[in-house]
Amino acid sequence: MGVIGDLLAVVAPVFICVGIGLLWGYLRKPFDNEIITSLVYNVGAPCLIIATFAKVKISSAALGELALAGVLCYAAFALIGGLVLRASRLAIADFLPSLMFPLTGSMGLPVCLFALGDPGLALALVYFMLGTLGTFTVGAAIAAGRMSFKEILRTPAVYAVIVAVYMIVAEVHAPQWIVNTTSLLGGTVIPMQLIALGRSLMQLRVAGVGRSTALGLFRLVLGAGVGWGVSVALGLGATARAVVIIQSAMPVAVSSYLFAQLYNRKPAEVAGMVLISTVVSFVTLPLLLYFVLHAG
Amino acid sequence: MLTDIAAIIAPIFVCAGIGMGWVRLGKPFNTEMVTEISFNLGIPCITFSTLTRLTVSPAAFGEMAVIYIIATVLFLVTGAIVLKLVGLPLTTFLPGQAFCNNGNMGLPLSLFAFGDTGLAYAISTFVISSIGSFTVGMGIYSGRPSWGLVWRNPIIYGVVATLAFMLTGTKPPQWLANTTQMLGGVAIPMMLISLGVAMARLKVAGFGRAFGLSVMRIGMGFGVGLALAEVAGLHGAARGVLLMQSAMPVAVNNYLLAARFDRSPSEVAGTVVVSTALSFVTLPLLLYFVLG
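Remember, predicted model here, so these are calculated numbers, not experimental data.

What counts and what doesn't
Residues numbered from 1 in each chain as written. Chains lettered and ligands numbered in written order. Predicted model: local features only at pLDDT ≥ 70, side-chain atom pairs only at ≥ 80, totals over all residues. Helix = DSSP H or I, 4+ residues; strand = E, 2+ residues; numbered from the N terminus. Rg over C-alpha atoms; globule rule 2.2 N^0.38 Å. Buried ≥ 20, exposed ≤ 12 C-beta atoms within 10 Å, placed from the backbone. Core = buried A, V, L, I, M, F, W, Y, C linked by C-beta atoms within 7 Å. Contact = placed C-beta atoms within 7 Å. Nonpolar A, V, L, I, M, F, W, Y, C, P; charged D, E, K, R; others polar. Expected span 1.5 Å × (residues − 1). pLDDT = per-residue confidence, 0-100.

Caption draft 1: Looking closely at the overall build of chain A. Along the backbone of chain A there are 13 helices and zero strands. Reading the helices (α) and strands (β) of chain A from amino to carboxyl end gives α-α-α-α-α-α-α-α-α-α-α-α-α. Compactness check: chain A gives a C-alpha radius of gyration of 18 Å against a globular reference of 19 Å for 296 residues, within 12% of the reference. Dimensions of chain A, computed from C-alpha atoms along their principal axes, come out at roughly 50 × 45 × 45 Å. Per-residue burial for chain A yields a buried fraction of 52% across its 296 residues.

This is the structure we're talking about:
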């Protein structure tokens, strides 16, 4: 099979699903983003979290280590991103959330799953959950100018994380009916999110190409650099290190665009960042994977 | 045993329950979109992904398909005779007797009861009943057969692609296996949620008659399945899947077709809702019989 086959096995499912989403939009087939998002957030994601942690054997130490790495990465994104924006005289409220919170869900999860199997997915979910919490609190606070903790309590995935962490710490095994049900429902999350991603890329209205390109590329470089730095600093093992680097180097999240739209923070330029960083990551992702998985 | 049965049935109840709850909470649900996604993407992918990972030989898969064709013919003949005897119109009620819920209910049941082997057998019966429903079933509702629709049924492409790999004796490359497995994962939960949505939305008429027809669907199905399993000498997963798939409730698709050709849709809806509700009682018994 070789390296190309291995990389293709990881990247192709992501590209194909995004492509299906693009095609879906192009053919004007019915697609209701609100329903899909609602299903994914309220039903699918909590189920995926519980199903994955019920299947994977993971120690609470490994879990804590990845959570620490995640927090450090997000903090470094905020710090470096903030400094660079300041230095280039750009508004932090407009662009920092997009630099801080990458696409760890729809793209990061399948890449980690196919590259590293279920243990990779479990660790990637930890990083993703931190990002989700961060987006709703810190991200919203930066864009809106105020913090909202209510949103956290209304995120079902938070409760799923609490249950999953309890299962790991107390070494409780979920009964088979819960495993069956949650793995069935959790299986919708990744493909539906990827199709939704493709479809949203079709609909983005982009402006300010020069600046979006620079910021989009900056996100990818910043992500890869910070992810690498943090995993070296913490001396992470192979799987955790790969997860941290992959998740950190994801493109700008579509949710950043939704926030920018909601609070009117230059949505068209953020859309450009989303589009450009996603398209570029289709090229950089295989290279990054090669580096992370094969080059030591 | 009880926990085994719970592990098999719970996913179906919970997913259908989510669909019903969704409607009750007044949340929007776009059935057309969900059907398009599960029918055009999910079903062909789960077919391909399951059959190429196959733990079942092509011969056994084909045998199950042939047996299920015979089962469907027997459903049609028996159903037609009984409906004639009680004086009910065949054009309204016969397809519901022949084409049952092999997809959204039968696939997960077979998967959780017999693993991937069970799922492979279940897909074999589902291919037959899906094609049958859109040709023979639709023909009965509309008054003329519609064979051309065979080629518009996306499950066919899943089967053809599988055959290409099976006959050349090659394994699909990992990227294709990963992609289809991931997309195939959408089919069952989406179909179950829309089953729940349909249950909550369908307007039921003629409860008594619907009850009689539901008992007949499940009872006749079970009888035919049992007889065929004996005759064909099936055992294990093959026998279990044939029995379960034969005794499934009336498929939601019948309601959609009845509505399209104006064959008393609310009466057909009644048979869908009542037989599905009834199956929540008969399923545990059926599983007990099949696994015991």
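Caption draft 2: Representation of the nonpolar core. Formed by 199 residues in total, the largest nonpolar core has its most connected members in Ile49(A), Cys112(A) and Val243(A). Dropping the residues within four chain positions of it, Val243(A) is found in contact with Leu66(A), Cys112(A), Leu116(A), Gly120(A), Leu123(A), Ala124(A) and Tyr127(A).

Caption draft 3: Examining the environment of Met107(A) more closely. Residue and element names in this part refer to chain A. Inspection of the secondary structure puts Met107 in helix H5 (residues 104-144). Between the alpha carbons of Met107 and Leu194 there is a distance of 7.0 Å; along the sequence they are 87 residues apart. Those residues in contact with Met107 that sit more than four places away from it in its chain are Val14 and Met250.

Caption draft 4: Region of the structure containing unusual backbone geometry. Within the chain, Glu171(A) stands out as a residue other than glycine whose phi angle is a positive 50°. Tracing the backbone shows Glu171(A) in the loop between helix H7 (156-169) and helix H8 (176-186). A tally of 10 C-beta atoms within 10 Å means that Glu171(A) is categorised as exposed. Positive phi values are uncommon outside glycine, yet Asp262(B) reaches one of about 55°. Tracing the backbone shows Asp262(B) in the loop between helix H11 (252-260) and helix H12 (265-291).

Caption draft 5: Local environment of the environment of Cys73(A). All names here are of chain A. Among the secondary structure elements, Cys73 is positioned in helix H3 (residues 60-87). Classification of Cys73 as buried rests on a count of 25 C-beta atoms within 10 Å. A C-alpha to C-alpha distance of 19 Å links Cys73 and Val111, two positions 38 residues apart in sequence. In this structure Cys73 touches Val226, Gly227, Val230, Val244 and Ser248, once residues within four positions along its chain are discounted.

Caption draft 6: Molecular detail of the interface of chain B and chain A. Listed as interface residues are 30 residues of chain B and, on the opposing side, 30 residues of chain A. Of all the secondary-structure elements, those providing two or more residues to the side of chain B that touches chain A are helix H1 (2-24), helix H2 (31-52), helix H5 (106-142), helix H7 (174-184) and helix H8 (187-201) of chain B. Residue contributions to the side of chain B that touches chain A peak at eight residues, all from H1(B). For the side of chain B that touches chain A, the class distribution of residues is 21 nonpolar, six polar and three charged.

Caption draft 7: Local environment of H8(B). Under the 1.5 Å per step criterion, the end-to-end length of H8(B) is 21 Å for 15 residues, consistent within 8% with the ideal 21 Å. Across the 15 residues of H8(B), 13 count as buried, placing the element largely inside the fold.

Caption draft 8: Highlighting the confidence of the model for chain B. Chain-level statistics for chain B give a pLDDT mean of 92 and a share of 100% at 70 or above. The ipTM assigned to the predicted complex is 0.88, against a pTM of 0.90.

Caption draft 9: A look at helix H12 (residues 254-262) of chain A. All names here are of chain A. Among the residues of H12, Val254, Ser255, Ser256, Tyr257, Phe259 and Ala260 are the ones counted as buried. If you follow the buried residues of H12, they end up packed against helix H4 (92-100), H5, helix H9 (189-203) and helix H13 (267-293). Positive phi shows up at Asn264, right after H12, with a value of about 50°.

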